[in-house]
Amino acid sequence: MTEDAGWPVEITLSKDGRRLAVGWADGARHELSAELLRVESPSAEVQGHSPEQKTTVPGKRDVTIRDVQQVGSYAVRLVFSDGHDTGIYTWPALRQFGDKGAELFAAYEAALARQGLSRG
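Residues numbered from 1 in each chain as written. Predicted model: local features only at pLDDT ≥ 70, side-chain atom pairs only at ≥ 80, totals over all residues. Heavy atoms only, no water.

The name that an unreviewed UniProt entry assigns to the protein chain is Gamma-butyrobetaine hydroxylase-like domain-containing protein, with the source organism given as Methylopila musalis.

A.B. asks: Can you help me understand the overall build of the protein chain in this one?
C.D. replies: Counting its regular elements, the protein chain contains 3 helices and 6 strands. Going from N to C terminus, the protein chain has its helices and strands arranged as β-β-β-α-α-β-β-β-α. Expected size for 120 residues packed as a compact globule is a radius of gyration near 14 Å; at 14 Å, the protein chain falls within 12% of this value. Projected onto the principal axes, the alpha-carbon positions of the protein chain cover approximately 40 × 30 × 25 Å. Put simply, the protein chain has 120 residues, and 41% of those count as buried. Restricting to contacts in the protein chain with at least 6 residues of sequence separation, those with at least 24 account for 43%. Carbon and sulfur atoms form 49% of the exposed surface of the protein chain, whose accessible area is close to 6,600 Å². Here the protein chain contributes 14 positively and 17 negatively charged side chains, and the mean placements of these two sets differ by 5 Å. (Helix = DSSP H or I, 4+ residues; strand = E, 2+ residues; numbered from the N terminus. Rg over C-alpha atoms; globule rule 2.2 N^0.38 Å. Buried < 20%, exposed > 50% of the residue type's maximum accessible area, 1.4 Å probe, protein only. Contact = heavy atoms within 4.5 Å. Areas by Shrake-Rupley, 256 points an atom, 1.4 Å probe, with all protein chains shown as cover. Lys, Arg positive; Asp, Glu negative; His and termini not counted. Charge placed at Lys NZ, Arg CZ, Asp CG, Glu CD.)

A.B. asks: Where do I start with the sheet that holds strand E3 (residues 29-33) in this structure?
C.D. replies: The pairing of strands in a sheet happens through backbone hydrogen bonds and is either parallel or antiparallel. The sheet built from 3 strands is open, its strands ordered E1-E2-E3 with antiparallel pairing. Strands with a single pairing partner mark the edges of an open sheet, and in this sheet they are strand E1 (8-13) and E3. Taken over all neighbouring pairs, the strand axes of this sheet differ in orientation by 15° on average, direction set aside. In this structure, strand E2 (residues 19-24) lies alongside E3, joined through 5 bridges in antiparallel fashion. In the sheet register, Leu-20 faces E3, and the bridge partner there is Leu-32. Seen against the sheet, helix H3 (residues 91-115) touches E1, E2 and E3 and runs at an angle of roughly 85° to E3. (Pairing = 2+ DSSP bridges. Axes fitted to C-alpha atoms, helices over the stretch in contact; angles between N-to-C directions.)

Below, the structure written as structure tokens:
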């Protein structure tokens, strides 16, 4: 993939705020759920400062995205209905969510089960 192919050419929030559609310069297109983006937020609040500090965030089944704010030419900040707004979603991070979203979500559901938590 060339560097230009890793740039989004379109980012669209669904009317209900539950999905973020991202179209890429290489023709790929991803539909990302608000729940996945919220529970895997790149923020320190969720990711911590090392893999051991990552937090499993329960109860976000019904979370929505209220706003998408551009951050320079490299990322967006998403504002969620639960007030979370500290994650900066770089283009490579968004692409990873699109390419590996099913795997990430399965790992999230497994982490919830191990900890006795639910999607809510």
